[in-house]
Amino acid sequence: LMMTDEEQALHRQHIGAQVKAAREARGYTEIQIANFLAVSPEFVSRAESGEMSIPLHQLTHLADLLLVDLDNLIAGPASIGLAPDGARGSDLELA
């Protein structure tokens, strides 16, 4: 099934928020991420806000840099569920 434009926008926003949370948890700035990906800081800002899509190859590099699973960046905590102590799976990996 194809996603509607609205669904695509929500998905971009979700991925961007996941990337931003992981970046901040690791202490990286947008400029550092931009340099790592060889893109402009504006691209990073717009991607984190969901205005632009992040290509899969860049998401893969980000996951490696930020020490998170690619699945966490794309699907987020909802796909992981809760750990036995009630913490989200992604919270454990970003800690």
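Residues numbered from 1 in each chain as written. Predicted model: local features only at pLDDT ≥ 70, side-chain atom pairs only at ≥ 80, totals over all residues. Heavy atoms only, no water.

A.B. asks: Mind showing me how you'd approach unusual backbone geometry here?
C.D. replies: For residues that are not glycine, phi is negative in most cases, and the peptide bond is trans in most cases. Residues other than glycine seldom take positive phi values, yet A38 does so here, at roughly 60 degrees. Along the chain, A38 turns up in the loop between α2 (30-37) and α3 (41-48). You will see that L67, though not glycine, has its phi angle at about 60 degrees, which is positive. Note that L67 resides in the loop between α4 (56-66) and α5 (70-74). (Helix = DSSP H or I, 4+ residues; strand = E, 2+ residues; numbered from the N terminus.)

A.B. asks: Looking at this model, I keep getting lost on the nonpolar core. Mind explaining?
C.D. replies: In summary, soluble globular proteins display a tendency toward joint burial of nonpolar side chains. Counting residues in hydrophobic clusters, the biggest one holds 17 residues, and the most contacted among them are V19, I33, I54, L59, L62, L66 and L73. Among the elements of the structure, α1 (5-26), α2, α3 and α4 are those that each provide at least two residues to this core. For this core, the element with the most residues is α4, which contributes five residues. Excluding residues within four positions of it along the chain, L62 makes contact with V19, I33, F36, L37, I54 and L73. (Core = buried A, V, L, I, M, F, W, Y, C linked by side-chain atoms within 4.5 Å. Buried < 20%, exposed > 50% of the residue type's maximum accessible area, 1.4 Å probe, protein only. Contact = heavy atoms within 4.5 Å.)

A.B. asks: Where do I start with the environment of L65 in this structure?
C.D. replies: Structurally, the position occupied by L65 is in helix α4. A residue is classified by how much of its surface remains accessible, and L65, at 19% relative accessible area, is buried. The sequence separation of L65 and R23 amounts to 42 residues, and the corresponding C-alpha distance is 9.0 Å. Excluding anything up to four places from it in sequence, L65 contacts Y28, I33 and F36.

A.B. asks: Can you help me understand α2 in this one?
C.D. replies: Among all positions in α2, only I33, A34 and L37 are buried. Around the axis of α2, the buried residues are gathered within 100 degrees of arc, so they sit on the same side. Exposed residues lying more than 90 degrees from the buried face of α2 are I31 and N35. The secondary structure elements touched by the buried residues of α2 are α1, α3 and α4. One or two residues past the end of α2 sits A38, with phi positive at roughly 60 degrees. (Arc of directions from axis to C-beta.)

Shape descriptors only; they carry no functional weight alone.
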